[in-house]
Every structure is written in structure tokens, then in C-alpha cells.
Number of protein chains: 2
Amino acid sequence: MVIGQSGGPTAVINQSLIGAVKEAMKHDQITGIYGMKHGILGILNEDFIDLKQEDDATLEAIAKTPASALGTCRHKPDAKDCETVFKVFEKYNVKYWFYIGGNDTAETANIVNNIARKNNYELRVFHISKTIDNDLRETDHCPGYGSAAKYVAMTFMGNDLDNRALPGVKLDIVMGRHAGWLTAAAALGKQAEDDGPHLIYLPEYPKDLSEVIKEVDEVYAKYGRCLVAVSEGAIGKDGKLWAEEAITEKDAHGNVQLSGTGALGDSLVEYMKNNTTHKDARFRSDTLGYAQRSFPEVVSEVDAKEARMVGEEAVKYAMKGDIDGSVAIKRIGEGKNYAVEPDLVKLASVAKETKHMPKEFINKQGNGVTEKFIEYALPLVGKLPEKGKFKEVPLVKK
Amino acid sequence: MVIGQSGGPTAVINQSLIGAVKEAMKHDQITGIYGMKHGILGILNEDFIDLKQEDDATLEAIAKTPASALGTCRHKPDAKDCETVFKVFEKYNVKYWFYIGGNDTAETANIVNNIARKNNYELRVFHISKTIDNDLRETDHCPGYGSAAKYVAMTFMGNDLDNRALPGVKLDIVMGRHAGWLTAAAALGKQAEDDGPHLIYLPEYPKDLSEVIKEVDEVYAKYGRCLVAVSEGAIGKDGKLWAEEAITEKDAHGNVQLSGTGALGDSLVEYMKNNTTHKDARFRSDTLGYAQRSFPEVVSEVDAKEARMVGEEAVKYAMKGDIDGSVAIKRIGEGKNYAVEPDLVKLASVAKETKHMPKEFINKQGNGVTEKFIEYALPLVGKLPEKGKFKEVPLVKK
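Keep in mind it's a predicted model, so treat the numbers as computed, not measured. (Residues numbered from 1 in each chain as written. Chains lettered and ligands numbered in written order. Predicted model: local features only at pLDDT ≥ 70, side-chain atom pairs only at ≥ 80, totals over all residues.)

Residue and element names in this part refer to chain B. Residue placement: Val-21 occurs in helix α1 (residues 13-24). A residue is classified by how many C-beta atoms lie within 10 Å of it, and Val-21, with 25 of them, is buried. Separated by 55 residues in sequence, Val-21 and Lys-76 place their C-alpha atoms 25 Å apart. (Helix = DSSP H or I, 4+ residues; strand = E, 2+ residues; numbered from the N terminus. Buried ≥ 20, exposed ≤ 12 C-beta atoms within 10 Å, placed from the backbone.)

Spelled out as C-alpha cells, the structure:
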């Protein structure tokens, strides 16, 4: 068998890797466990490591370590690459392929799967879901999301306390190119009515900046401060990214490069300073960085457990005789009875397309989330810190 | 007594506040404990809260909560403000003033102290050190630094794993206007020779960008990747901030506004892309945000304990008959025998000036830290996560 990781890292993607590897070690019919170095590049370059040589202590240490231990890549394979992948599999007698990643990864897996079929080569292909973006179809949620959501929620808790201490307008830019799931998680740490984030802007609800500054000004008038969560994929009513003017670089998948730059936050601050009615207000922005996907130890326990589970289940499906598919998560209990079970779905149904936040998760004004979203997301994140707060009995003035 | 918090928040500044308040509650001669809302503004506006009304559970919850629970401000009081502070103290019969903050805070405390003396008013004035920047004189280190250093070290650990998984040149911009203490903490999570950050640039060692890009290119040639820690206060040999061209806004203290903007990182990435010899390399930057000073629960236990201690000791000094001063920390044991004791130093000796990193903490090339720095800083941060790593036995190519 061959296993690899693709796309952006997460805090728990190694749980899936180790779950699959340790499950595979139990089955005699898997004679070799080959790790692809840097995703698809590892196959194209025949750059594999022998995972059977690794001891259990190492495997368990890696499971707890964030980011992709095998390495990953952003290379989008073309038709020729996919043919090469198939040829390498033939050469190395690879019968099982497990590929951990997002929708681009599922697409690649699907293409290679179809080539193998056409050639009557018996290949078992399994995609194992991961993405902090939570934007894969067919699955209730994606391993990696819960931990990233926890990091985002905690960052906003801290930023809200900071903003309360030193009032002003603070914009925090959150990852999520096409879907607002991770930005919406900013709301999960709210414990009091006046806690921030006070406004949340998501790609699913287009809004013009002229409307946004009015909403910011209203919150500022009410609380003397305003904490705003902005998705890097936020768009205007014309469908254009708020970031589009400022940032031009595109990655290999043809997407505008949004992460690793502060340009969106900086230009929003500029716009707001020029258009606010609160000319004395302090405007600042932070762009949450790669720490969203790789900060150590700020991990959701539920997420870590589920990431491990989908890795193990992928191998179990293969051993039971399933031919191909993507391992998804099905929610079978809500709230305090939260529970999940694995689910095998078609590769093609996960490939390419993005799962957006449904309307019922976004408030009517398009600047916040609903209680339904909180109920959906909180079990994935687990317990968040409690904030202490003074009663604030004022001293009588003399 | 009056107590307040000033300047930027930290993750443990409330430990100092609660330490002082709970100690004060033990002493009958302190008849009222008044909290200043938003630092000096709380005095100027006579906006106090009655801290004797708060119960112990609330106080302990606040101690564990990041950011300044009383509120803080960036207002730099002028001579007239300081006179007003003194008059308000007279009016409310304030005999003890405890003010938690950095060197600007110590300066304000010192000015008001001198006015009180001139007027033969018996005021006891104590400054309680805090700053994530660790740049106060007289003290071995500052409460707040250990926790911020831990957050920075962990962010770099995650970013290094991320950069290893998806190689490229990654620049992370760290807070620290005049001193490199916090940026230097990026090195604390290094566990292997090839772990990042591979380069660290500090305000204490001026360097031109033409030299920096050469060093980055060298590291990239060696490891196929490069993680760089850059202080927001990094300067060229002409003494000009790397950030100066890009950022113009100044805060009330006359300082260029460096935090809350991604401009420095973005312009460095631009410069490097244009000047690297590795034209195919991927360049990215993150600007670490306010989370450095207010992320919940990523706290150094040593730092939390010491922050509490300096708060308590300030009140003890006042009760023992000391008249004024700044509560500093004296290190009395190194390494495994790390231990500290409180120390009362002169207000004037802490005011205004910055403590820079000494030469022995910076390597000869001016692009990293020495073992001596690690020995100094690691006890303040405590245990960091262990990274798991494959042995990586390569599969023989067919």
C-alpha cells in the first residue's frame, strides 16, 4: 500500500496517517507500507519511505504532532502525471492507495482510479478527508476543522478581551477561500451578549463595504468598540473578492493567494478609517496565519479522535473488500449525545466542488451566525476556556 | 489604595492585579481598594470600581483570564494630567497607588510621586512590572514575557513543521519595537539542527536587506526551505526601520505603529522575491498578532506564578513601610535550580529607557541567538511540546 498527505496541513492530519498505518500493520495481506514524500510528488519522483521501519513510539509521537509528517505539496497533477502515477503503482505492485486531503486530492484519486479500471488493474483507492476549511461535500464535517476552529475561537476570545481592555475597531482575517466555516468558528467563544466578534463576514453572504462600515459604526456607537471576523474569501455584491484588488498572486490551482499576506486586513483598515463616522476610533487588523492549521497542542480532542478513526476505517474498508471511496463522517447524535460513525462515499461526489455554509447557519443580516451553527460546531471543538469578569461596582464620585 | 493597568495587555497581567488586590484585602489599614478603569483615564475621569465588592471566585477566574481586566489605555499623560492625578488622589484620600505596566507607566508613576513629595502629601507609589517585550531595566525579566515567549515559540514550532511539510521561505514578524527579546524566543522550540527558525533578525543588530537575502538564499540552498523570525523593530545599518517606508501611523507616544498591520511582512516578501537567486521558491509571511499578548491558556506556569508574586510583593513592600519603587525580579538560581526573589528598585531607574538584549545573547553573524540566551529564557517559558519525526528509511527505487 501507498499512503500520502496533500494540500494544507492540519493539526490532526497525522492522526489519520498513523491511524491508517497502524491499522495496516495488523493485516498480513499488506506486505509493504510506503509513505509518499510530499504528496503526489513522492509518486512522480518515486520518493517513498518504508513506514514498516518505524517504531510505535515514533508513530504515536507523530500522531500528536501538527502538520503533514510525510510532507505535502500544492502540485496539481495533469492527465500525464496521473498516467505516471498509475505506471509507478504497476511497477511497485501497489494494490492499495490511501490519500489524505481535500477535494483536489479526492479528484486526483478519482482520476487515477479511473485509469486503473480502464487498464483492468486491481487498485483500491481511498480518499481520507481532511481540511481546516470544512468544505468537503458528503461528510458532516472534516477532520482538521475542529482543531482549527478551536484555535480561531480561542484567538477571538483573546482578541475580544484585548479589545475590551483597549477599545477600538479590530478586524481579524480568517482562512477560508470559498466557505466561511472557519471564520464562523470565531463566534464559538462568545460567553456574554457584548462579547465579540460583534460582526462576522462570510463568503456565502456577499456584502458591499459601504454596508459593512455602517454596521461597524453601529456596533461602535453601542459598545465603544467592535471586533470583526472577516473571511479571506469575503466578497462584494458584484461577486468580487474584497481582497481581489490588493492581491494578485495565484497558486498552481488558479486560486488567488490569500494566506500569508496582510494586504486584505490593511486595506480594510484603510477603507474604514476613511469612511467611518467615528474619526477618533482606533482601527487595527490581524491576519491569522498558518498557526490556524499547525499550532501545537491547541487541538480538539474530538477532532483528534475522529481524524484517527477515518484513517483506521479507510484501511478497514479496503480489507473488507470495498473498492474505492472517500471516508466521510456521519453524525448520529446531537448536542450532549453527539456521536458519529464512518461512512464510505463516492470519490467523484467529494471531488472538486465546495460545500458552503447553509442559509440556516447565517443570520438574516448576513453579519453573524445562528444558534443552529453553534449547535453544529461546538461539539467538534469541545470545551473552551471560561473568562473571568469583574462585577464592576462603580465607586461613588466625590 | 488605587490600582490600575497600563499599556499593552499580557496573558498574566491579571495575576499581578489579583495578587495585589488579595494581599491588600488582608490589611486593615487599606480601607478601600479602587480599580482604575482604563489606566490613567480612570483617574482623570474619576472612573473607579470598588474591588472590595468582588468575591474570591471572580478574582481567581480573572487571574487566569488574559488581557487587562480593569481596562488599559495608550494615553500618555502630560504635566497637567499628572497634576490632576495628584488632585484626585487628595480628593479621594488615596495613600497607596499601584500601577502595573511598562517603562512609560513607571515614568508616569515617578512624575506623580514627585508632585506628591513637593506637596508634602504622603503617597506610596509602586510600579509593578509587566511587558511581553521584556525590555525593562533593573529586573532580570518581566512578568508577561514568559507566556508571550511560549506563544511565540509554539507558533514557530508549528510554522516550522508546516514549512517542512510544504517547503518555501517563510517570514514571521514578531512584536518588539525596540528590543528583540520576544523575537529571540522563536528559537526556544528548536529540537533538531535543521529545525527553524533558521534566521533571527533583532533590532539590536542592524542589518541591510541585501545581506539578509544572501543569508536566506544560503539557508534555502542547504535545506530547500527557510523559516525566518523578524522583529517588527528590525533596522538597517542606516538605523532606519525596515518597516519605516511602509508604515506611517504613529501612536500617542510618538512611536511608529508596527503592530496590527501586515505591511512589513508583505514588503519583505516582495523584496525577497525580487532579489533571491531561488526564483522558483515560495515566499510567504505571517505577522503574529495581538494573540502574542492575549491568547488564552497558552501560559507559562512560571510566568503566571511570578506575575502573581510581584503583585503581592508590591503591597507587602508598602505595608512594611517602603515609600516607593518598582517591583523587579532577581534571579537567584540558574538552570534546574532556577529560582527568583522580589526586588524593590527605584522608579526613575525603570522609567523611559529600554533594556536591549546583551551581545552575549546574539550570535556573531547577527542572525540568531546563543546558547546563553536559551539558558536565560527557557526557564521562564517552561516545557514545550515534543515533535514526533519519522526515521525516514527510504524505499529502494525500482
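This part takes up the relation of the copies chain B and chain A. The two copies are related by a screw motion: chain B maps onto chain A through a turn of 180 degrees and a shift of 0.0 Å along the axis, at an RMSD of 0.0 Å. With respect to symmetry, the two chain copies, as superposed, fit the operation of a two-fold axis. Taking C-alpha positions as the reference, the residue of chain B nearest the rotation axis is Gly-262 of chain B, at 2.0 Å. Both copies contact each other with a shared surface, as 100% of the interface residues of chain B are interface residues in chain A too. (Least-squares fit on C-alpha atoms with pLDDT ≥ 70 in both. Contact = placed C-beta atoms within 7 Å.)

What follows is about the domain arrangement of chain A. Residues and elements named next belong to chain A. Here chain A is partitioned into domain 1 (2-143 + 298-350) and domain 2 (147-296 + 357-381). Contact residues are listed per partner, giving 23 residues for domain 1 and 23 residues for domain 2. Grouping the amino acids of the side of domain 1 that touches domain 2 by side-chain chemistry returns ten nonpolar, seven polar and six charged. (Domains from an automatic or database assignment. Nonpolar A, V, L, I, M, F, W, Y, C, P; charged D, E, K, R; others polar.)

Residues and elements named next belong to chain A. With respect to burial, strand β9 (residues 283-287) is a largely interior element, five of its five residues being buried. The side-chain alternation of β9 yields two buried faces, one formed by Phe-283, Ser-285 and Thr-287 and the other by Arg-284 and Asp-286. Examined bridge by bridge, strand β6 (residues 169-174) and β9 share five bridges and lie parallel to one another. When the sheet's bridge partners are listed, Asp-172 is paired in β9 with Asp-286. (Pairing = 2+ DSSP bridges.)

What follows covers the packing of helix α6 (residues 145-165) of chain B against helix α13 (residues 371-381) of chain B. Residues and elements named next belong to chain B. Put simply, α6 and α13 touch, their axes get as near as 8 Å, and they point 100 degrees apart. Considering their axes alone, α6 and α13 lie roughly perpendicular with respect to each other. Contacts between α6 and α13 involve Tyr-145, Gly-146, Ala-149, Lys-150 and Ala-153 from the first element and Ala-377, Leu-380 and Val-381 from the second. Residues of the contact of α6 with α13, tallied by class, amount to six nonpolar, one polar and one charged. (Axes fitted to C-alpha atoms, helices over the stretch in contact; angles between N-to-C directions. Parallel < 35°, antiparallel > 145°, perpendicular 65-115°, else oblique.)

Turning next to the packing of helix α1 (residues 13-24) of chain A against helix α11 (residues 301-320) of chain A. Each pair of packed helices can be summarised by the angle the axes make with each other and by the distance between the axes. All names here are of chain A. Viewed as axis vectors pointing N to C, α1 and α11 meet at an angle of 35 degrees, and their least axial separation amounts to 7 Å. Seen from above, α1 lies across α11 with right-handed handedness. Across the interface between the two elements, Ile-13, Gln-15, Ser-16, Leu-17, Ile-18, Gly-19, Ala-20, Glu-23 and Ala-24 of α1 pack against Ala-304, Ala-307, Arg-308, Met-309, Val-310, Gly-311, Glu-312, Ala-314, Val-315 and Lys-316 of α11. Residue composition of the contact of α1 with α11, grouped by class: eleven nonpolar, four polar and four charged. (Left-handed = near helix turned anticlockwise from the far one by under 90°.)

Looking now at helix α5 (residues 103-118) of chain A. Residue and element names in this part refer to chain A. The end-to-end C-alpha separation of α5 is 23 Å, in line with the 22 Å expected for 16 residues at 1.5 Å each. When α5 is considered as a whole, its buried residues turn out to be Asn-103, Thr-105, Ala-106, Glu-107, Thr-108, Ala-109, Asn-110, Ile-111, Val-112, Asn-113 and Ala-116. On its buried face, α5 is in contact with α2 (40-44), α4 (79-91), β4 (96-101), β5 (124-129), β10 (324-333) and α12 (347-350). Just past α5, the residue Asn-120 takes up positive phi, approximately 55 degrees. (Expected span 1.5 Å × (residues − 1).)

Another aspect to go through is helix α4 (residues 79-91) of chain B. Residues and elements named next belong to chain B. An ideal rise of 1.5 Å per residue puts 18 Å on 13 residues; α4 measures up with 19 Å between its terminal C-alpha atoms. Those residues of α4 that fall on the buried side of the exposure criterion are Cys-82, Val-85, Phe-86 and Phe-89. Buried positions in α4, seen along its axis, are confined to an arc of 95 degrees and lie on one side of it. Pointing more than 90 degrees away from the buried face of α4 are the exposed residues Lys-80 and Lys-91. Where α4 is buried, its residues meet α2 (40-44), β4 (96-101) and α5 (103-118). (Arc of directions from axis to C-beta.)

Here we come to the environment of Ala-234 of chain A. All names here are of chain A. Among the structural elements, Ala-234 can be located in the loop between β8 (226-231) and α9 (263-275). Through-space distance from the C-alpha of Ala-234 to that of Pro-203 is 4.3 Å; in sequence the pair is 31 residues apart. Excluding residues that lie within four positions of it along the chain, Ala-234 makes contacts with Tyr-201, Leu-202, Pro-203 and Trp-242.

Right, let's talk about the nonpolar core for a bit. Formed by 250 residues in total, the largest nonpolar core has its most connected members in Phe-98, Ala-149, Val-152 and Ala-184 of chain A together with Ala-149, Val-152 and Ala-184 of chain B. With residues near it in sequence (within four places) discarded, Val-152 of chain A still touches Val-174, Leu-182, Ala-185, Ala-186, Leu-288 and Gln-292 of chain A. (Core = buried A, V, L, I, M, F, W, Y, C linked by C-beta atoms within 7 Å.)

A word on the sheet that holds strand β9 (residues 283-287) of chain B. Residues and elements named next belong to chain B. Spatially, four strands are ordered β7-β8-β6-β9 in an open sheet, and the strand pairing comes out parallel. The sheet is open, and its two borders are formed by β7 (199-201) and β9, each paired with just one other strand. Averaged over all neighbouring strand pairs, the angle between strand axes comes to 15 degrees, with direction disregarded. Here α6 sits on the sheet in contact with β6 (169-174) and β8 (226-231), set at roughly 170 degrees to β6. Lying on the sheet, helix α9 (residues 263-275) is in contact with β6, β8 and β9; it crosses β9 at an angle near 165 degrees.

A few words now on the sheet that holds strand β7 (residues 199-201) of chain A. All names here are of chain A. With respect to topology, four strands assemble into an open sheet ordered β7-β8-β6-β9, the strand pairing being parallel. Every other strand in the sheet has two partners, leaving β7 and β9 as the edge strands with one partner each. Taking the axes of each pair of neighbouring strands and ignoring which way they run, one obtains an average angle of 15 degrees across the sheet. Against the sheet, helix α6 (residues 145-165) touches β6 and β8, its axis set at about 170 degrees to β6. Sitting on the sheet, helix α8 (residues 209-223) is in contact with β6, β7 and β8, with an inclination near 155 degrees to β8.

What follows concerns the pairing of strand β1 (residues 2-5) of chain B. Residues and elements named next belong to chain B. Burial along β1 is two-sided: Val-2 and Gly-4 and Ile-3 and Gln-5, pointing in opposite directions, are all buried. Alignment of β1 against strand β2 (residues 34-36), held across two bridges, turns out to be parallel. Its bridge partner lying in β2, Val-2 is registered against Tyr-34. The β-α-β motif built from β1, the intervening α1 and the parallel element β2 has right-handed crossover chirality. Bridge count for β1 against β4 is four bridges, and the pairing is parallel. Note that in β4 the partner of Gly-4 across the bridge is Tyr-99. (Right-handed = clockwise from strand over helix to strand, strands pointing away.)

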